[in-house]
Amino acid sequence: MIQSVEPNIADLANGWLKTHKLNYKLEQESLNAEIDKALSDYFTKNGGTGANRPDAKLLLQDKNLNFYPILIEYKGYKNSLVKLDANHQVENRTAKNEPHFKNINSFAVNGAVHYANALLHHTSYTDIIAIGMTGHKDESGKIHYKIGVYFVSKNNFGVGQKVGEFSDFSFLAPKNFDAFIEKVKTLSLTQKEIDKLKEQREKEIDTSLRKLNHDIYDNEKGLGENDRVYLVAASIIATLGIPGKVAPLEKSDFKSSIEVGNTDGDIIVRKIKAFLDAKEIPTEKKNLILRTLQNTLTTENINKVENGESQLKRVFTKIVDDLGIYYKIGLTTDFTGKLFNEMYGWLGFSQDKLNDVVLTPSYVSNLLVKLARVNKDSYVWDFATGSAGLLVAAMNEMLNDAKNTITSPKELTQKEIKIKAEQLLGLELLSSVYMLAILNMILMGDGSSNILNKDSLSDFDGNYGYGKTNNKFPADAFILNPPYSASGNGMNFVEKALGMMNKGYASIIIQNSAGSGKAKEYNQKILEKHTLLASIKMPADIFIGKSSVNTNIYVFKINERHHKDEMVKFIDFSNDGYSRTNRKKASNNLKDTNQAKERYEELINLVRFGKSKLNIFTEKEYHEATIDPKNGADWNQSAPIDTKPTLQDFKKTVSDYLAWEISSILKQQIQQEESLGK
């Protein structure tokens, strides 16, 4: 059996650290309280609780006075440096999106990256250096070693990027460290890599949310569905913190006391209030949020102390441990929408009720945003905002456009603030869903100021909800996935919103019976003022597991009456390239099996530019035709089938007939011969 040379590797590497007079700490030693606590709180390399102990660790500062934790892991075998997956990323997750404990335990870099994620999850550090080193002895007893240096950051979603090749630790020496950090800063991910990492992390979120919801549902009695939603929202807000103003709430801050005014519920409410005050959330909205959350957080049952801890502390711990990493690394995703779908998946709603609370898949949200032609200067609103998934997608599109077109850093910062504070507006009537929308936008950097808890049909006058309350919101992009149980399948929301706009575009996903008669009167009124540009038939299973309705996307040009000769683009998008399943334990229920990303891109181009962009789609899936503006029930058309026979059809018919004729003659001959006894 080959013997590990880990002690020799550790001795060699620690000797380098000593030579460069670096203040490093060994496995059992303390680095600082924040890092020590993070390593203690994070799940261990074996999946349990306990302590994570890097073989060596240090905290270095660059010339700009920024601190970088350095976490080092040693191994002692020839091929134990790093295990990468098929995408050349450090493979610390299994195909089921669970921690890959074998790799984390067996490979030096994988272990170091695991420790780095503990710091991303539980500390204020966002940039960490993970170092792995391993080696072996040859026949002569000489040690050969390899070093892997990876940058683990909020910006690469904690997956890690290789920094370069190194033959010793001299890059950590004071005279070389600034140059090393400059090299680290040049690391960048392509948009394709970023998208892939986001996709990977989003799958992990789904797995973590399922695990969390199962745990709370099975083990935490007395919590209704709204309580669970409010507990998650409260826990996340309380742990966000604001640098220099509000410290994040820690598990250790809970005292599980029964003293009036000092229960765990009181502690978390005070922290949320401090957070909202520091964020300068408008008083009316702040009071509404606090009132809503307080009803759950201060109840007697949740603060009752058993075995030294309250149910609130126990649930808070589960939420932070399972989800903390995802909102701290800044994923631009509909985080609470996923949570919402997972929570409501446990409820015994009727199918009709379920249809009204279903999350729009993120790739469909992005499609709606692009079809509404959203850019950095758009003013976007949603009249049935749900968990704000569509507004999150719109905000991401606006911020990306700003980054790609504004070259002045100062101007870009100002634009980003304006986008979040002034260019988004959402309305949501259900208080539990409204709270998720608020949380979602806070997580995205607080574009929550104009998320309103109002009935968009009866209580909304078109004005800003906060700040410029006397000013109309100058909407020029409308996106919507309405409750289909509403009048006209939800087309009443569309008529109201478009009627309050002066220009721009709208894209909505709606039950397709709205376009074939169910919303006839609304459609007629809409076409008196606005143009239907496109009608897109969506896949039947797009809401699989949540809803079984058939849907269409309708795209409009605002404030331009629909003429009877206007050509509408009808697109059959039943085959969008994705395969979907609804298996509870599946690691991925959505798979790109037929050029899905390319199909979505082509769809956007077809709606914008027309037939010249046909490539993957056939003319059976795309055609242009007119509708009667006074009809309102002819919005769902298919490409006409040509019944006129072609020369090829005639040749095939003749060929088939001749084959049949010859076959009949041969059969007759055989029968005659048999009857003659031949």
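Residues numbered from 1 in each chain as written. Predicted model: local features only at pLDDT ≥ 70, side-chain atom pairs only at ≥ 80, totals over all residues. Heavy atoms only, no water.

Engineer: Sorry if this is basic, but what is going on with the pattern of salt bridges here?
Structural biologist: A side chain with one charge may pair with a side chain of the opposite charge, provided their charged atoms come close. Following the criterion strictly, the structure yields 23 salt bridges and no others. Lys-83 is the salt-bridge partner of Glu-91, the closest N and O atoms lying 3.4 Å from each other. Overall, Lys-83 belongs to the partly exposed group, its relative accessible area being 33%. Of the charged contacts in the structure, one is a salt bridge between Lys-251 and Asp-321, with a shortest N-O distance of 2.9 Å. One end of the pair, Lys-251, is in the loop between helix H7 (225–240) and helix H8 (264–278); the other, Asp-321, is in helix H11 (residues 311–328), with 70 residues separating them in the sequence. Judged by relative accessible area, Asp-321 falls into the partly exposed class, the value being 28%. A single salt-bridge network, built from bridges that share partners, covers Lys-37, Asp-41, Glu-250, Lys-251 and Asp-321. (Salt bridge = Lys/Arg side-chain N within 4 Å of Asp/Glu carboxyl O. Buried < 20%, exposed > 50% of the residue type's maximum accessible area, 1.4 Å probe, protein only. Helix = DSSP H or I, 4+ residues; strand = E, 2+ residues; numbered from the N terminus.)

Engineer: Just checking my understanding: could you explain the sheet that holds strand S3 (residues 67–74) for this structure?
Structural biologist: Each strand in a sheet pairs with its neighbour through backbone hydrogen bonds, running either in the same direction (parallel) or in the opposite one (antiparallel). Strand order in the open sheet formed by six strands is S1-S2-S3-S4-S5-S6, with mixed pairing between adjacent strands. Looking along the sheet, the strands with just one partner apiece sit at the ends: strand S1 (25–26) and strand S6 (161–164). Contacting S3, strand S4 (127–137) and strand S5 (143–153), helix H4 (residues 108–122) crosses the sheet at an angle of about 160 degrees to S4. (Pairing = 2+ DSSP bridges. Contact = heavy atoms within 4.5 Å. Axes fitted to C-alpha atoms, helices over the stretch in contact; angles between N-to-C directions.)

Engineer: Please clarify how the packing of helix H2 (residues 33–41) against H4 should be interpreted in this entry.
Structural biologist: Angle between the axes and distance between the axes are the two parameters that describe a pair of packed helices. Two numbers describe how H2 lies on H4: the axes approach to 8 Å, and their chain directions differ by 110 degrees. Relative to H4, the element H2 lies roughly perpendicular. Touching Ile-35, Ala-38, Leu-39 and Asp-41 of H2 are Tyr-115, Ala-118, Leu-119 and His-122, all from H4. Split by residue class, the contact of H2 with H4 holds six nonpolar, one polar and one charged. (Parallel < 35°, antiparallel > 145°, perpendicular 65-115°, else oblique. Nonpolar A, V, L, I, M, F, W, Y, C, P; charged D, E, K, R; others polar.)

Engineer: Would you mind showing me how to read the pairing of S4 here?
Structural biologist: Within a regular strand, side chains alternate between the sheet's two faces. Counting buried positions along S4 yields eight of 11 residues, so the element is predominantly enclosed. Relative to S5, S4 runs antiparallel, the two sharing 11 bridges. When the sheet's bridge partners are listed, Gly-132 is paired in S5 with Gly-148.

Engineer: Can you walk me through the environment of Gln-28 in this structure?
Structural biologist: The topology assignment puts Gln-28 in the loop between S1 and H2. Its relative accessible area of 62% is what places Gln-28 among the exposed residues. Each C-alpha atom of the pair Gln-28 and Gln-414 lies 46 Å from the other, and the pair is 386 residues apart in sequence. There is a polar contact of 3.4 Å between the side chain of Gln-28 and the side chain of Arg-53. (Polar contact = N/O pair within 3.5 Å; in protein donor to acceptor, adjacent residues only side chain to side chain.)

Engineer: Quick question: what am I supposed to make of unusual backbone geometry here?
Structural biologist: Leaving glycine out, the prevailing phi sign among residues is negative, and the prevailing peptide bond configuration is trans. The phi dihedral of His-88 is positive, around 65 degrees, even though this residue is not glycine. Considering the arrangement of structural elements, one finds His-88 in the loop between S3 and helix H3 (101–106). On the basis of relative accessibility, which here comes to 64%, the residue His-88 falls in the exposed class. Even without a glycine there, the phi angle at Arg-373 is positive, about 60 degrees. By the element assignment, Arg-373 lies in the loop between helix H14 (362–371) and strand S9 (380–382).

Engineer: Where do I start with a nonpolar patch on the surface in this structure?
Structural biologist: Side chains of Leu-647, Phe-650, Val-654, Tyr-657, Leu-658, Trp-660, Ile-662 and Leu-666 sit close together on the surface and give an oily, nonpolar patch of about 860 Å² of accessible area. Structurally, the position occupied by Val-654 is in helix H21 (residues 647–675). What makes Val-654 partly exposed here is its relative accessible area of 34%. (Patch = residues over 30% accessible without salt bridge, like charges linked within 9 Å, V, L, I, M, F, W, Y side chains within 5 Å. Areas by Shrake-Rupley, 256 points an atom, 1.4 Å probe, with all protein chains shown as cover.)

Engineer: In this structure, what is going on with the confidence of the model for the chain? I would like to understand it.
Structural biologist: Interpretation of this model should avoid reading the predicted coordinates in detail wherever pLDDT is low. Per-residue pLDDT for the chain averages 86, and the proportion of residues at 70 or more is 91%. Segment residues 347–355: pLDDT under 50, and 14 contacts once partners within four positions in sequence are set aside and those in other chains are kept. (pLDDT = per-residue confidence, 0-100.)

Engineer: Please clarify how the packing of aromatic side chains should be interpreted in this entry.
Structural biologist: In this structure the tally under the stated criterion is 23 aromatic pairs. Centre to centre, the rings of Trp-381 and Phe-473 are 5.8 Å apart; their planes meet at 25 degrees, and the pair counts as stacked. Taken together, the residues Trp-381 in strand S9 and Phe-473 in the loop between strand S11 (451–452) and strand S12 (477–480) connect sequence positions 92 residues apart. Owing to a relative accessible area of 0%, Trp-381 belongs among the buried residues under this scheme. Accessibility expressed as a relative area gives 3% for Phe-473, which makes it buried. Considering the side-chain rings of Phe-383 and Phe-478, the 5.6 Å spacing of their centres and the 85 degrees angle between planes classify their relative orientation as edge-to-face. Taken together, the residues Phe-383 in the loop between S9 and helix H15 (389–405) and Phe-478 in strand S12 connect sequence positions 95 residues apart. As far as burial versus exposure is concerned, Phe-383 and Phe-478 are alike and both buried. Between the NZ or CZ atom of Arg-599 and the centre of the ring of Phe-617, over which it lies, the distance is 5.9 Å. One cation-aromatic arrangement involves Lys-613 over Phe-609; the distance from NZ or CZ to the ring centre is 5.5 Å. (Phe/Tyr/Trp six-rings, centres within 6.5 Å; stacked < 30°, edge-to-face > 60°. Lys NZ or Arg CZ within 6 Å of the ring centre and 35° of its normal.)

Engineer: Hey, could you run me through helix H16 (residues 409–422) in this one?
Structural biologist: In an α-helix there are 3.6 residues to a turn, and that puts residues three or four apart on one side. Relative to the 20 Å expected for 14 residues at 1.5 Å per residue, H16 spans 20 Å between its end C-alpha atoms, a close match to the ideal helical length. When we look at burial in H16, the residues that qualify are Leu-412, Lys-415 and Ile-419. Along H16, the residues classed as buried sweep out an arc of 65 degrees about the axis, all on the same side. Residues of H16 that are exposed and point over 90 degrees away from its buried face: Lys-410 and Ile-417. (Expected span 1.5 Å × (residues − 1). Arc of directions from axis to C-beta.)

Engineer: Please clarify how the nonpolar core should be interpreted in this entry.
Structural biologist: Grouped burial of nonpolar side chains is what soluble globular proteins tend to show. Ile-268, Ile-272, Trp-381, Phe-478, Met-491, Ile-536 and Phe-556 are the most contacted members of the largest nonpolar core, which has 157 residues in total. In this structure Met-491 touches Ile-508, Ile-510, Ala-514, Ala-519, Tyr-522, Asn-523, Ile-526, Phe-556 and Trp-635, once residues within four positions along its chain are discounted. By size, the runner-up hydrophobic cluster in this structure holds 30 residues, among which are Leu-58, Ile-131, Phe-177 and Val-184. (Core = buried A, V, L, I, M, F, W, Y, C linked by side-chain atoms within 4.5 Å.)

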